[in-house]
2 protein chains.
Amino acid sequence: MNIYDVSKKAGVSIATVSRVLNGNSNVSDKTRSKVLSAIKELDYTPNIFARGLGLNTMKTIGIMCTDSSDTYLANAVYYAEQTLRSFGYDALLCCTGNDYDNKRKYLSLLLSKRVDGIILVGSQFVSSDPAIDNTYIIEAASEMPIILVNGYLDGENIYCVMCDDRSAVYSSTAKLIESGVKKPVYFYTSTSTSGMNKLQGFRDALSDAGMTPDKKQLHLCTKNISKAKDYLTALYNEAFYFDAVLASDDSLAVGAVKFAYEHSVKVPDELQIIGYNNSVLANCTEPELSSIDSKVEQLSTTAVSLLMQVLSGNSVPKLNTVTADLIKRKTTKF
Amino acid sequence: MNIYDVSKKAGVSIATVSRVLNGNSNVSDKTRSKVLSAIKELDYTPNIFARGLGLNTMKTIGIMCTDSSDTYLANAVYYAEQTLRSFGYDALLCCTGNDYDNKRKYLSLLLSKRVDGIILVGSQFVSSDPAIDNTYIIEAASEMPIILVNGYLDGENIYCVMCDDRSAVYSSTAKLIESGVKKPVYFYTSTSTSGMNKLQGFRDALSDAGMTPDKKQLHLCTKNISKAKDYLTALYNEAFYFDAVLASDDSLAVGAVKFAYEHSVKVPDELQIIGYNNSVLANCTEPELSSIDSKVEQLSTTAVSLLMQVLSGNSVPKLNTVTADLIKRKTTKF
DNA sequence: TTAATGACTGTAAGCGCTTACATACTGCAC
DNA sequence: GTGCAGTATGTAAGCGCTTACAGTCATTAA
């Protein structure tokens with residue numbers, strides 16, 4: 001069953017069938033309807049491979065992330081897929097994990113699949129650590145446009161959509177200080193651009209308030225409820241005073257809430273807590289978690305729109321920013 | 001840059017290059033290495049479309065789910081993708097939402113993309129409601145194998161991996177009753193096969209204990225923390241007695257925990273709560289939520305393995321079952 | 001020596017589509 | 001009637017690959 005069969009049935013040439021299939025204008029209404037009814041009768045579907053061969057596109061975008069089961073990334077992937085589909089594109093999902101070599105390998109794999117573009121979701125793809133080489137992304141961008149969602153990298157054919165993490169953390173920290181906080185603890189989970197921006201926001205807020213953070217107030221840690229709880233418990237046991245926790249991911253903030261519960265520390269009176277990403281988790285704890293909304297949906301949809309613009313040859317800004325909001329719930333005084 | 005360039009560079013025919021590319025045995029080591037080094041020098045990548053045209057496969061599997069941002073489905077999708085990749089297959093993600101027409105539409109869309117098979121993740125694709133027609137799946141299966149993860153449908157070329165939901169809910173309910181529960185409330189979220197199986201488990205446990213559930217003990221409700229909380233609050237306000245909550249999704253169980261907190265109902269002493277899916281949410285509440293582990297990972301990896309078997313022409317059982325476990329935490333007495 | 005075998009390599013025919021180009025036809029101004 | 005523009009359709013050349021089939025060559029058995 002191919003275009004030839006349809007052409008025979010409709011009594012026209014394959015070129016005409018192809019024209020009808022591709023919405024080309026130069027076909028008379030009579031011919032068009034003959035072809036369409038032949039297509040319907042034969043229940044014909046164009047062979048996508050042959051079409052791809054001719055057009056050299058499959059209308060497919062690769063979505064890469066480290067781990068699509070992570071609450072935040074799952075949302076980002078979801079919104080990206082939905083938006084892509086609304087533009088008539090398919091989404092090829094590729095989860096790399098955090099291993100650097102895997103990221104490289106899978107990126108070139110996607111390249112070889114001739115997707116039309118690639119969306120890298122999550123900050124984990126670009127590291128600000130000078131020991132980590134980001135050139136694999138820059139090289140890949142020479143073959144097709146790459147959009148970084150929540151990551152920043154300068155390069156030809158690379159476009160970024162970022163959340164203004166620094167200022168979100170800055171203002172949240174400033175509000176904490178304003179409400180009387182003296183010793184906030186900050187949990188960060190990655191050394192990506194975005195991760196470093198958040199950390200910088202925290203540092204700046206402290207220094208603008210004339211505070212110098214103790215090393216123990218800054219803790220790098222994996223996204224894991226008990227990791228955060230354990231760290232705070234350790235501080236508590238060694239009588240290290242702290243009166244607020246700010247985390248770059250909600251799961252760590254949940255850990256802080258659990259710590260407070262276990263040690264009967266009153267939230268928010270004795271300990272204020274702010275999470276990041278405003279995920280489902282924020283609604284699960286008691287008291288409910290104040291959290292910075294990093295606008296995943298807006299981030300993802302913007303990324304896809306940008307990509308569509310680039311693919312249709314329009315020029316778009318290389319860096320695009322989305323504003324984060326603090327969603328106040330019950331773990332903050334203000 | 002194509003296979004012809006490589007063949008010229010290596011001084012062999014394109015057939016030989018193709019043989020090397022496809023790991024065909026009948027190539028001498030000398031020729032093979034000549035070809036390989038030509039490939040490396042030219043940095044050649046085979047054109048996937050042309051290959052697809054010849055082989056009529058893209059080594060791609062469609063993963064369909066209603067909503068990949070849902071915690072449970074996100075995990076299922078993640079494990080499916082990982083397993084597929086380990087078999088050298090790509091994953092085309094397609095989120096349909098709950099709309100029936102969308103499901104139909106997207107399924108036929110995937111069909112036209114000539115994926116090699118389709119994995120339907122989540123129970124929402126098959127309804128046991130006789131008003132809902134499932135034949136679109138059966139028809140699609142005539143074109144390529146379809147695997148249902150956590151759903152059941154009988155049909156040619158359709159394979160199912162299910163969790164023994166009925167017995168998991170049955171035994172959990174029985175344990176609740178054994179521990180003194182008189183009036184458990186059950187929340188269910190869908191009328192899919194899996195959803196009905198769970199409900200049946202609840203009903204059977206009650207009737208085997210000589211109890212007849214009040215209508216109010218069975219509540220159909222969307223996956224939403226406050227929906228569950230509100231319903232329980234309503235029961236509470238009209239003085240409808242209940243001493244346990246069993247939910248077909250953790251989010252609803254979290255709602256129950258929140259209800260208990262707000263009304264100072266002691267958990268588990270006055271109210272025992274069991275969730276389903278053993279998701280991150282179960283670790284967020286205080287007390288932590290006992291939850292039935294529906295073994296997403298096992299479900300997904302089994303589904304993919306089955307599909308791989310089918311694709312390589314082996315015969316596999318049409319219905320495969322995975323055993324669920326109750327993970328005991330702090331919302332149950334036992 | 002000859003023929004048969006087996007290992008290796010090349011030739012060329014597709015796969016089903018798109019599209020540049022060629023052709024046919026129509027209507028209209030002159 | 002002639003010429004021309006414009007519209008509608010057909011022809012055929014790819015796109016880059018796989019693979020059946022046809023060699024070629026060296027080795028071995030008869």
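Residues numbered from 1 in each chain as written. Chains lettered and ligands numbered in written order. Predicted model: local features only at pLDDT ≥ 70, side-chain atom pairs only at ≥ 80, totals over all residues. Heavy atoms only, no water.

### Some thoughts on the protein's contact with DNA strand D
Thinking step 1. In the neighbourhood of DNA strand D, 26 residues make up the surrounding shell, with Arg19 and Thr31 of chain A together with Ile3, Ser18 and Tyr44 of chain B lying closest.
Thinking step 2. A share of 66% of the atoms of DNA strand D within 4 Å of the protein falls on sugar and phosphate groups.
Thinking step 3. The separation between a phosphate oxygen of DNA strand D and a polar side-chain atom of Thr31 of chain A is 2.2 Å.
Thinking step 4. Between DNA strand D and Tyr44 of chain B, the relevant distance is 2.3 Å, taken from a phosphate oxygen to a side-chain nitrogen or oxygen of the residue.
Thinking step 5. Only α2 (14-21) of chain A together with α2 (14-21) and α4 (48-55) of chain B provide two or more residues apiece to the surface near DNA strand D.
Thinking step 6. Its residues assigned to classes, the surface near DNA strand D comprises 13 nonpolar, ten polar and three charged. (Near = heavy atom within 4 Å. Polar contact = N/O pair within 3.5 Å; in protein donor to acceptor, adjacent residues only side chain to side chain. Helix = DSSP H or I, 4+ residues; strand = E, 2+ residues; numbered from the N terminus. Nonpolar A, V, L, I, M, F, W, Y, C, P; charged D, E, K, R; others polar.)

### Section: the packing of helix α5 (residues 71-86) of chain B against helix α12 (residues 296-311) of chain B
Residues and elements named next belong to chain B.
Thinking step 1. Here α5 crosses α12 at 40°, and the two axes come no closer than 8 Å. Judged on the interaxial angle alone, α12 and α5 are oblique. Handedness of the crossing formed by α5 with α12: right-handed. Each of Tyr72, Asn75, Ala76, Tyr79, Ala80, Thr83 and Leu84 in α5 lies in contact with α12, whose residues at this interface are Val296, Glu297, Leu299, Ser300, Thr301, Val304 and Met308.
Thinking step 2. Grouping the constituent residues of the contact of α5 with α12 by class yields nine nonpolar, four polar and one charged. (Axes fitted to C-alpha atoms, helices over the stretch in contact; angles between N-to-C directions. Parallel < 35°, antiparallel > 145°, perpendicular 65-115°, else oblique. Left-handed = near helix turned anticlockwise from the far one by under 90°. Contact = heavy atoms within 4.5 Å.)

### Observations regarding the protein's contact with DNA strand C
Thinking step 1. Neighbouring residues of DNA strand C: 26 residues in total, closest Ile3, Ser18 and Tyr44 of chain A together with Arg19 and Thr31 of chain B.
Thinking step 2. Among the atoms of DNA strand C close to the protein, meaning within 4 Å, 67% are from sugar or phosphate groups.
Thinking step 3. A distance of 3.1 Å separates a phosphate oxygen of DNA strand C from a polar backbone atom of Asn47 of chain A.
Thinking step 4. Mapped by element, the contributors of at least two residues to the surface near DNA strand C are α2 and α4 (48-55) of chain A together with α2 of chain B.
Thinking step 5. Of the residues belonging to the surface near DNA strand C, the class tally is 13 nonpolar, ten polar and three charged.

### A short note on the interface of chain A and chain B
Thinking step 1. If you look at the interface, chain A gives 45 residues, while chain B gives 45 residues.
Thinking step 2. Around 4200 Å² of area is buried between chain A and chain B when both sides are counted, 62% of it from carbon and sulfur atoms.
Thinking step 3. For Lys258 of chain B, the salt bridge identified is with Glu288 of chain A, shortest N-O distance 3.3 Å.
Thinking step 4. Here chain A is connected to chain B by 22 residue pairs in polar contact (both at pLDDT 80 or more). (Buried area = accessible area lost by both parts, 1.4 Å probe. Salt bridge = Lys/Arg side-chain N within 4 Å of Asp/Glu carboxyl O.)

### Notes on the relation of the copies chain A and chain B
Thinking step 1. With an axial shift of 0.1 Å and an RMSD of 0.2 Å, the rotation relating chain A to chain B amounts to 180°. Between the two chains, the operation in question is that of a two-fold axis. Within chain A, Leu92 of chain A has its C-alpha nearest the rotation axis, a separation of 2.2 Å. (Least-squares fit on C-alpha atoms with pLDDT ≥ 70 in both.)

### Notes on unusual backbone geometry
Thinking step 1. Here the amide bond leading from Val267 of chain B into Pro268 of chain B is cis, since omega sits at 5°, within 30 degrees of zero.
Thinking step 2. Along the polypeptide, Pro268 of chain B turns up in the loop between α11 (250-262) and β9 (272-276).
Thinking step 3. Here the bond from Glu286 of chain B into Pro287 of chain B is cis, since omega is 0°, no more than 30 degrees from zero.
Thinking step 4. Within the secondary structure, Pro287 of chain B sits in the loop between β9 and β10 (290-293).
Thinking step 5. Even without a glycine there, the phi angle at Asn56 of chain A is positive, about 55°.
Thinking step 6. Here Asn56 of chain A falls in the partly exposed class, since its relative accessible area comes to 44%.
Thinking step 7. In this structure, Ser264 of chain A is a non-glycine residue whose phi angle is positive, near 50°. (Buried < 20%, exposed > 50% of the residue type's maximum accessible area, 1.4 Å probe, protein only.)

### Comments concerning the domain arrangement of chain A
Thinking step 1. Taken domain by domain, chain A comprises domain 1 (3-55), domain 2 (60-162 + 296-322) and domain 3 (165-293).
Thinking step 2. Relative placement of domain 1 of chain A and domain 2 of chain A: their C-alpha centres are 35 Å apart. (Domains from an automatic or database assignment.)

### Quick word on the sheet that holds strand β2 (residues 90-95) of chain B
Thinking step 1. Taken in spatial order, the twelve strands make up an open sheet running β11(A)-β5(A)-β4(A)-β3(A)-β1(A)-β2(A)-β2(B)-β1(B)-β3(B)-β4(B)-β5(B)-β11(B), and their pairing is mixed. At either end of the open sheet lies a strand with only one pairing partner, and these are β11 (319-322) of chain A together with β11 (319-322) of chain B. Here the average twist between neighbouring strands, direction ignored, is 20°.
Thinking step 2. Here four bridges tie strand β1 (residues 60-65) of chain A to strand β3 (residues 117-121) of chain A, and the two strands are oriented parallel to one another. Directly across from Gly62 of chain A, in β3 of chain A, lies its bridge partner Ile118 of chain A.
Thinking step 3. Helix α6 (residues 100-112) of chain A rests against β1, β2 (90-95) and β3 of chain A together with β2 of chain B of the sheet, and its axis sits at about 175° to β1 of chain A.
Thinking step 4. Helix-sheet contacts for α5 of chain B involve β2 of chain A together with β1 (60-65), β2 and β3 (117-121) of chain B, and the interaxial angle to β2 of chain A is about 80°. (Pairing = 2+ DSSP bridges.)

### Concerning the environment of Met162 of chain B
Residues and elements named next belong to chain B.
Thinking step 1. Inspection of the secondary structure assignment puts Met162 in strand β5 (residues 158-163).
Thinking step 2. Through-space distance from the C-alpha of Met162 to that of Asn314 is 20 Å; in sequence the pair is 152 residues apart.
Thinking step 3. When residues no more than four places from it in sequence are discounted, the contact partners of Met162 are Asn150, Gly151, Tyr152, Ser194, Asn197, Leu299, Leu319, Asn320, Thr321 and Val322.

### Topic: the state of the cysteines
Residue and element names in this part refer to chain B.
Thinking step 1. With the rule as written, the count across this model stands at zero disulfides over all chains.
Thinking step 2. This cysteine, Cys94, is not joined by any disulfide, and Cys95 carries the nearest cysteine sulfur, 6.9 Å off.
Thinking step 3. The exposure class of Cys94 is buried, given its relative accessible area of 0%.
Thinking step 4. Cysteine Cys160 remains unbridged, with the sulfur of Cys163 as its closest cysteine sulfur at 14 Å.
Thinking step 5. The class for Cys160 is buried, based on a relative accessible area of 0%. (Disulfide = S-S within 2.5 Å.)

### A closer look at helix α12 (residues 296-311) of chain A
Residues and elements named next belong to chain A.
Thinking step 1. Across its 16 residues, α12 extends 23 Å between first and last C-alpha, which sits within 8% of the 22 Å expected from 1.5 Å per residue.
Thinking step 2. Residues Val296, Leu299, Ser300, Ala303, Val304, Leu306, Leu307, Met308 and Val310 constitute the buried set of α12.
Thinking step 3. Residues of α12 that are buried make contact with β1, α5 (71-86), β3, β4 (146-149), β5 (158-163) and β11.
Thinking step 4. Taken from the residues just after α12, Gly313 is the one with a positive phi, measuring 85°. (Expected span 1.5 Å × (residues − 1).)

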